[in-house]
Amino acid sequence: MASNNVLKNIQRLISITNTGLAFSKDPFDQERYQDIRAILQDFVREATDLNPQELSDLFRPTDHYELP
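Let us look at the structure shown here. Not measured: the values here are computed from a predicted model. (Residues numbered from 1 in each chain as written. Predicted model: local features only at pLDDT ≥ 70, side-chain atom pairs only at ≥ 80, totals over all residues. Heavy atoms only, no water.)

**Looking at the overall build of the chain**
Step number 1: Counting secondary structure elements, the chain contains 3 helices and 0 strands.
Step number 2: In the chain, the succession of α and β elements from N to C terminus is α-α-α.
Step number 3: For the chain, with 68 residues in total, the buried portion stands at 25%.
Step number 4: Within the chain, residue pairs in contact and separated by at least 24 positions form 54% of the contacts whose partners lie at least 6 positions apart.
Step number 5: Surface summary for the chain: the accessible area is close to 5,000 Å², and the carbon and sulfur share equals 54%. (Helix = DSSP H or I, 4+ residues; strand = E, 2+ residues; numbered from the N terminus. Buried < 20%, exposed > 50% of the residue type's maximum accessible area, 1.4 Å probe, protein only. Contact = heavy atoms within 4.5 Å. Areas by Shrake-Rupley, 256 points an atom, 1.4 Å probe, with all protein chains shown as cover.)

**Quick word on the side chain of Gln30**
Step number 1: With respect to the element layout, Gln30 can be found in helix α2 (residues 27–47).
Step number 2: A distance of 2.9 Å separates a polar atom in the side chain of Gln30 from the backbone oxygen of Leu21. (Polar contact = N/O pair within 3.5 Å; in protein donor to acceptor, adjacent residues only side chain to side chain.)

**Quick notes on the environment of Asp26**
Step number 1: Among the structural elements, Asp26 can be located in the loop between α1 (4–23) and α2.
Step number 2: Of note is the side chain of Asp26, whose polar atom sits 2.6 Å from the backbone nitrogen of Phe28.

**Structural notes on the pattern of salt bridges**
When the charged atoms of two side chains with opposite charge come close together, those side chains can pair.
Step number 1: Enumeration according to the criterion identifies 2 salt bridges in this entry.
Step number 2: In this structure, Asp29 engages Arg32 in a salt bridge whose closest nitrogen and oxygen atoms are separated by 2.8 Å. Placement of both Asp29 and Arg32 in helix α2 is noted, with a separation of 3 residues, approximately one turn of the helix.
Step number 3: Taking the relative accessible area as the measure of exposure, Asp29 reaches 31% and is therefore partly exposed. (Salt bridge = Lys/Arg side-chain N within 4 Å of Asp/Glu carboxyl O.)

**Section: the nonpolar core**
Step number 1: By size, the foremost hydrophobic cluster in this structure holds 6 residues: Ile10, Ile14, Leu40, Val44, Leu55 and Phe59.
Step number 2: When sequence neighbours within four positions are dropped, the list of residues in contact with Ile14 reads Leu40, Leu58 and Phe59. (Core = buried A, V, L, I, M, F, W, Y, C linked by side-chain atoms within 4.5 Å.)

**A closer look at α2**
Step number 1: Taking 1.5 Å of rise per residue, 21 residues should cover 30 Å, and α2 covers 30 Å from first to last C-alpha, within 8% of that figure.
Step number 2: Taken residue by residue, α2 has Gln30, Arg37, Leu40, Val44 and Ala47 as its buried positions. For α2, the buried positions fall inside an angular range of 110 degrees around the axis, keeping them on one side. Structural note: α2 exposes Pro27, Phe28 and Glu46 on the side pointing more than 90 degrees away from its buried face. (Expected span 1.5 Å × (residues − 1). Arc of directions from axis to C-beta.)

Below, the structure is given as structure tokens:
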């Protein structure tokens with residue numbers, strides 16, 4: 001299992017990508033945030049023992065400014 005520091009940094013990055021996806025209007029930026037989000041999902045899947053539903057809940061899109 002990953003250290004707490006790594007998981008906190010992943011959580012911060014998830015928040016940044018969620019905010020970027022919620023507010024970015026540029027399709028290229030949207031694509032970049034989606035790519036980063038997919039990479040983060042892989043990291044979390046490998047670093048934790050979350051089941052698929054928990055992983056899906058963690059990466060649920062938001063429509064507001066998100067804080068970690």
